[in-house]
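Tertiary structure, described
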Amino acid sequence: MKKDLFLHNYNISSQDRRTLNKHNSFLIWFTGLSGSGKSTIANAVENALFKKGVKTYALDGDNIRKGINNDLTFSPEDRTENIRRIAEVANLMVDAGIVVLAAFVSPYKKDRENIKNIVKDINFVEVYVNTSIEECERRDVKGLYKKARAGEIKNMTGISAPYEAPDNPQIEVKTETENIDEAVAKILKCIEPKLKLSK
Ligand SMILES: Nc1ncnc2c1ncn2[C@@H]1O[C@H](COP(=O)(O)OS(=O)(=O)O)[C@@H](OP(=O)(O)O)[C@H]1O
Ligand SMILES: Nc1ncnc2c1ncn2[C@@H]1O[C@H](COP(=O)(O)OP(=O)(O)O)[C@@H](O)[C@H]1O
């Protein structure tokens, strides 16, 4: 559909806001099964960045689905729309000069590819939180796997809906062999150079 849209040019650029904040802005995207450790690790990374004076914001599955995306289910189509909207929101925040941490199951490769189109490759860091379905089910933080096994939840990722693991993530964390501190250190090491403003 053709729309009559006219973008107004504002004087303050994304680069101006980054300069004011004294750091670059980008999106750190955590993908993995429910219970894999996305929120725990994103939270710990945000704490570490906040202590360094970095302006951050965390977007998380349950919060977003209670608000802006409360009309969406877990069907494949709705998951695609969920990720698209989150990527658009994250893109605005990156433009605002913020380091955004997003923790979503995001099980489809094509949807994660689309995030890169929205925020641009250079602003996107993919973190694969790799935890086996057996371990996630053992943790069962929210009791969802038990419900899925009992047939009370449909389309449960890893049980009755697919999870397509990334082929080439910038960062992979294996939570069954790496503890939270090790995961945070690995992520910080990768993103620290990205925080520096380009001259
Ligand atoms: N069917 C099904 N499959 C997966 N997850 C489910 C499901 N039903 C509810 N939940 C809860 O919703 C959280 C995942 O939401 P997301 O927005 O991250 O999902 S997705 O990216 O659109 O696939 C997920 O949060 P996390 O456990 O933090 O991953 C669950 O708490
Ligand atoms: N190395 C680890 N990294 C992250 N979480 C871990 C690790 N080891 C155990 N856990 C536990 O696994 C659970 C992960 O839950 P959560 O962060 O909510 O996952 P998700 O956001 O992917 O659904 C937490 O209870 C956390 O304490």
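Note that the coordinates shown come from a computational prediction; the quantities given were computed from them, not determined experimentally. (Residues numbered from 1 in each chain as written. Chains lettered and ligands numbered in written order. Predicted model: local features only at pLDDT ≥ 70, side-chain atom pairs only at ≥ 80, totals over all residues. Heavy atoms only, no water.)

Now for the packing of aromatic side chains. Within this structure, the stated rule accounts for two aromatic pairs. Between tyrosine 128 and tyrosine 163 the ring centres are 6.1 Å apart and the planes differ by 20 degrees, which places this aromatic pair in the stacked class. In this pair, tyrosine 128 sits in strand E4 (residues 124–130) while tyrosine 163 sits in the loop between helix H7 (144–149) and strand E5 (171–174), placing the two residues 35 residues apart along the sequence. Here tyrosine 128 falls in the buried class, since its relative accessible area comes to 11%. If you follow lysine 194 out to its NZ or CZ, it ends over the ring of phenylalanine 26, 5.5 Å from the centre. (Phe/Tyr/Trp six-rings, centres within 6.5 Å; stacked < 30°, edge-to-face > 60°. Helix = DSSP H or I, 4+ residues; strand = E, 2+ residues; numbered from the N terminus. Buried < 20%, exposed > 50% of the residue type's maximum accessible area, 1.4 Å probe, protein only. Lys NZ or Arg CZ within 6 Å of the ring centre and 35° of its normal.)

Turning to the UniProt feature "active site" (unreviewed entry) in the chain, a few remarks are in order. Per the UniProt record, the feature "active site" (unreviewed entry) sits at Ser106. The residue serine 106 is located in the loop between strand E3 (99–103) and helix H5 (109–119) in this model. Among the polar contacts listed, one links the side chain of serine 106 to the side chain of tryptophan 29, at a separation of 2.9 Å. (UniProt positions renumbered as here; feature names shortened; annotations may be inferred. Polar contact = N/O pair within 3.5 Å; in protein donor to acceptor, adjacent residues only side chain to side chain.)

For the rest of this paragraph, the subject is the site of ligand 2. In the region of ligand 2, 15 residues are neighbours, and Gly35, Lys38, Ser39, Thr40 and Glu178 sit closest. Separating an oxygen atom of ligand 2 from a backbone N or O atom of glycine 35 is a distance of 2.7 Å. In the environment of ligand 2, an oxygen atom lies 2.4 Å from a nitrogen or oxygen atom belonging to the side chain of threonine 40. If ligand 2 stood free it would expose 570 Å²; the protein chains cover 76% of that surface. Considering each element in turn, the shell around ligand 2 owes the most residues, four residues, to helix H2 (residues 38–51). Here the residues of the shell around ligand 2 are counted per class, giving four nonpolar, eight polar and three charged. (Near = heavy atom within 4 Å. Areas by Shrake-Rupley, 256 points an atom, 1.4 Å probe, with all protein chains shown as cover. Nonpolar A, V, L, I, M, F, W, Y, C, P; charged D, E, K, R; others polar.)

Let us now look at the site of ligand 1. Taken together, the neighbourhood of ligand 1 is formed by 22 residues, with Ser34, Arg65, Arg79, Asn82 and Lys142 sitting nearest. Measuring from an oxygen atom of ligand 1, one finds a side-chain N or O atom of serine 34 at 2.6 Å. Separating a nitrogen atom of ligand 1 from a backbone N or O atom of threonine 157 is a distance of 3.4 Å. Here ligand 1, which alone exposes 630 Å², has 93% of that area covered by the protein. Those elements that place two or more of their residues in the shell around ligand 1 are H2, helix H3 (61–66) and helix H4 (76–95). Of the residues belonging to the shell around ligand 1, the class tally is eight nonpolar, eight polar and six charged.

A few words now on the UniProt feature "binding site: ATP" (unreviewed entry) in the chain. According to UniProt, the feature "binding site: ATP" (unreviewed entry) maps to Gly32, Leu33, Ser34, Gly35, Ser36, Gly37, Lys38 and Ser39 in the numbering used here. Tracing the backbone shows leucine 33 in the loop between strand E1 (27–31) and H2. In this fold, glycine 35 is placed in the loop between E1 and H2. Once residues lying within four places of it in the same chain are set aside, the contact partners of glycine 35 are Cys136, Arg139 and Val141. (Contact = heavy atoms within 4.5 Å.)

For the coordinates displayed, the defined rule picks out 13 salt bridges. Two residues, lysine 110 and aspartate 111, come together in a salt bridge whose shortest N-O distance is 3.1 Å. Using a relative accessible area of 55% as the deciding quantity, one classes lysine 110 as exposed. Between glutamate 135 and arginine 139 there is a salt bridge, and its shortest N-O distance comes to 3.0 Å. Taken together, the positions of glutamate 135 and arginine 139, both in helix H6 (residues 133–139) and four residues apart, correspond to about one turn of that helix. A residue is classified by how much of its surface remains accessible, and arginine 139, at 29% relative accessible area, is partly exposed. Each of Asp71, Glu81, Arg84 and Arg85 takes part in salt bridges that share partners, so that together they form one network. (Salt bridge = Lys/Arg side-chain N within 4 Å of Asp/Glu carboxyl O.)

The strand order across the open sheet built from five strands is E2-E3-E1-E4-E5, with neighbouring strands paired in parallel fashion. In this open sheet, the two strands that pair with only one neighbour each are strand E2 (56–60) and E5. Each strand axis lies, on average, 20 degrees off the axis of its neighbour in the sheet, ignoring direction. Bridge count between E1 and E4: five bridges; the pairing is parallel. Residue pairing across strands places leucine 27 opposite phenylalanine 124, the latter belonging to E4. (Pairing = 2+ DSSP bridges. Axes fitted to C-alpha atoms, helices over the stretch in contact; angles between N-to-C directions.)

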